[in-house]
Amino acid sequence: MTDTRFKFHSSVNSIPVIRPSAATSKNASSPRNNGSNELSNFLVDKTPVTLDHLAADTFSGEMHLTIKTMTALIFGEQDRSEGQPREIELQIDPTTGKPIIPATMIKGMIANAYERMTASRFRIFGDHSDTLTYRADPAAANNLIPIRLDSEYESGTHRGTLLYGPNNARFAKVYTFDGSRKLNTNLEIKHNSEVWFQAAPVDSTYVVTAIWDDERSTYKPLELPENIAAKINLDNDTDPRTDEESNTRQNMESGYKGWFYATTPDDLLKTNERIFSTKNSERIFFDESSSRRSIDIRPEIAATYDRVILSYAYNSEDGETRPKNASRFVHERNNSGLTEEINHNGLLAYARLDGSDSIIEILPTEVGRRNYPRAPRDLAKAQQILPASKADEASPADHLFGFTAEQIPDTTSNTAALKGRITISSVSTDSVQFQSRKRPVLHPLLAPKASSARRFLTDANGKLISGRDRPYYYSMGDMLGAAAYPFRSQDLESRDGFLKRATYEHYKDSMSGNNIDTSNIRVQTRINAWIPSKQTFDCTLRFEGLSTSELRVLILIVNSEQLGAWASSSHSRQTAYLRMGTGKALGLGVVKVDCSQYSIYRTSRQDTDHWGLVNDYKHLDGCFGAPSELLADADSGWNYHTFIEQAQEFYELLTKTVSAKAFMRSCIGYSDEHPVRYMHLNENKWNNETDSKTGHSKKGHAVAPTSLAADNWEIPMSVGRKP
């Protein structure tokens, strides 16, 4: 058996969304300039047909859906009591004693699949208008320049001063600790204070040897670590051998003016406490008139500072506590932002410059969080995956399932909302049994982090960008992918469908040795009642006015064998599954969906057929949605097998697109024995390691899950560290 200790499939993968209507997309299967290509015409955004009109050559009718659970199905009302785990419980019909499955869950499952299959616009997209942050490697600090914003910055000057020292030194270090020994216990300088000081060059930096008070009358020599003091004494050795040597070995200490900068809060500085055990956090920025440089700062650049500050914040209203040994940049926030506005007047910070010496980012600390270049919303707009804001932006999924404009258009002439053309009847659960004796606790449900860029970003061809240096994630031209939750085919063999890896006990075992507190009630979710595997429920899907292409895609999605066959390049008879409910990343909610008992009618241009829907409407005999013997006749002029046979060429093209290919593979699951799970903490640390000198990812690191669209999509991850 293969050693699976180091290899696994990620619980969260992505489906590339390569839209032919986006200017930067390169979808070879759907060229934008090929007007005769049926698939290309179908996939692009366009104004939908109004619902008061049944277009010619469209289909209306209904089909019966049968849904079978393959792993545990968990959903229902959620309740969180103070000091208790969150609880999820099914809603039970008091008259039948059977679980109530909302029709909206079925519709949402099909809509999500249709959206992925057709590379449609996202029908839901959060704000995400701010750039995300990441933790930078220490090597990235080498190109940062100290800066002080003008004292009247908030009044509209929007300028700052880059603070260079002698020989382009960036700052002078102030030593407060030597190993475990405290130094300079009488140092009572506040952050952002103007100071006069004396410093000497040591190796490649400067070290503060003395500080004057505000009146420049009291000289305060500083105690230095012995190894640093020895180097300064060597440099300052003035014992002359000759007059010429005496002139060249002059005292290297000099007096300067500057600004005191400290990561440690002022109250801790005063009591000589520290927040970092292994690094120095106090320094003085030089403010020499001969080397400083005034520079303009755009307001959006100053906002990069605020975003990093917000990323450090905690919310006590949400149960969070102030981190232990927090730096001065950790503030409290509420759900709308920081509780206190940031004052930029006279702010000390670090600036990152581009090649033209323009400031592109302002940061509170030299080492810590950084901003990605672009906000997810910027990329989504260029990619044209933002939810439709007007009728002519409606994507294939919008045409079927409707949309409500995320942003109402300025003019009233554009449609701001569209009702969908698919409805789901009430769900019959007469034969469904539910489980309430066992009350399992779930593995923490971790939402996909948008900052995990290497997992979700692709280039214009759908290829993952893993391996790129972290500061260049979210660059213009990158494409956002949609989250996918693959599973392992062996998961479907579980007796009750509740997989071991979905349990909290398994989570605790996997976290052993990682110094993680696994007793946190807030991450626990108890399941009071749930639907186990091998349970079947059904409903009726009704639709009106679907084009041939729309009906082809819809039928493919709700036919487990057809979908499975097209998911495999060999067209082997596989079964494909969709996902419902909570815990998808844990292998839960895998369901088998099939359709049958079709009653489908085509509206032709000249409807002379006795079975035609137009005639039915004219005679009020079998209008869509009304009880009718005609509509109940499965042989009323439409044949499933003929329809599928005529769709083969269309399916061939569709399943070659990057998005459809990746989606379908997420539906058939991995066939090997490697586990599907979240990355462990030590694996994640290893994967993010970078070269301390260059800041580049170490060779073999920065690994991402194998793309579901790649030819080798079943190759597992290996992060080189035993879990």
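### Quick word on the overall build of the protein
- A tally of helices and strands in the protein yields 17 helices and 34 strands.
- Among the 723 residues that make up the protein, the fraction classed as buried is 51%.
- Across the protein, every contact between residues at least 6 apart in sequence was considered, and the portion connecting residues at least 24 apart equals 75%.
- Surface exposure of the protein reaches about 34700 Å², of which carbon and sulfur atoms provide 45%.

### What to know about helix α10 (residues 504-511)
- All of the buried residues along α10 are Tyr-504, Tyr-507, Ser-510 and Met-511. The buried residues of α10 occupy an angular sector of 120° when projected down its axis, which confines them to one face.
- Tucked into the core, α10 has its buried residues touching β26 (441-442) and α17 (681-687).

### Points about the pairing of strand β8 (residues 159-162)
- Here three bridges tie strand β7 (residues 144-149) to β8, and the two strands are oriented antiparallel to one another. Residue pairing across strands places Ile-147 opposite Leu-162, the latter belonging to β8.
- When β8 meets strand β17 (residues 293-296), the two strands line up antiparallel, connected through four bridges. Along β17, the bridge assignment pairs Thr-161 with Ser-294.

### What to know about the sheet that holds strand β32 (residues 590-603)
- Ordered by their spatial adjacency, five strands build an open sheet running β25-β30-β3-β32-β31, and the pairing between neighbours is antiparallel. What marks the edges here is a single partner per strand, and that holds for β25 (422-424) and β31 (578-579).
- Taken together, the three bridges between β25 and strand β30 (residues 536-546) define a ladder with antiparallel strand orientation. Residue pairing in the sheet places Ile-424 in a bridge with Leu-541 of β30.
- With respect to the sheet, helix α11 (residues 548-557) is in contact with β3 (58-69), β25, β30, β31 and β32, its orientation differing from that of β30 by roughly 170°.

### With respect to the pairing of β30
- Of the pairings in the sheet, the one linking β3 to β30 comprises nine bridges and is antiparallel in character. Bridge pairing links Ile-67 to Phe-537 in β30.

### Some points on the environment of Asp-430
- Looking at where Asp-430 falls in the secondary structure, it is placed in the loop between β25 and β26.
- Judged by its relative accessible area of 63%, Asp-430 falls in the exposed class.
- Spatially, the C-alpha atoms of Asp-430 and Lys-98 are 6.7 Å apart, while their sequence positions differ by 332 residues.

### Side note on the confidence of the model for the protein
- Here the protein averages 82 in pLDDT, and 84% of its residues register 70 or above.
- Mean pLDDT values over the elements of the protein span from 35, in helix α4 (residues 243-248), up to 97, in β31.
- Throughout residues 237-251 the model reports pLDDT below 50, and contacts reaching past four residues in sequence, or to other chains, amount to seven contacts.
- Across residues 630-635, confidence stays below pLDDT 50; counting only partners more than four residues off in sequence or on other chains, it has 17 contacts.

### A look at the packing of helix α2 (residues 103-117) against helix α16 (residues 658-668)
- In the contact formed by α2 and α16, the axes pass within 7 Å of each other and the chain directions differ by 135°. One way to sum up the angle between α2 and α16 is to call them oblique. Together, Ala-113, Arg-116 and Met-117 of α2 and Ser-659, Ala-660, Phe-663 and Met-664 of α16 make up the contact between the two elements.
- Residues that form the contact of α2 with α16 fall into these classes: five nonpolar, one polar and one charged.

Conventions and cut-offs
- Residues numbered from 1 in each chain as written.
- Predicted model: local features only at pLDDT ≥ 70, side-chain atom pairs only at ≥ 80, totals over all residues.
- Heavy atoms only, no water.
- Helix = DSSP H or I, 4+ residues; strand = E, 2+ residues; numbered from the N terminus.
- Buried < 20%, exposed > 50% of the residue type's maximum accessible area, 1.4 Å probe, protein only.
- Contact = heavy atoms within 4.5 Å.
- Areas by Shrake-Rupley, 256 points an atom, 1.4 Å probe, with all protein chains shown as cover.
- Arc of directions from axis to C-beta.
- Pairing = 2+ DSSP bridges.
- Axes fitted to C-alpha atoms, helices over the stretch in contact; angles between N-to-C directions.
- pLDDT = per-residue confidence, 0-100.
- Parallel < 35°, antiparallel > 145°, perpendicular 65-115°, else oblique.
- Nonpolar A, V, L, I, M, F, W, Y, C, P; charged D, E, K, R; others polar.

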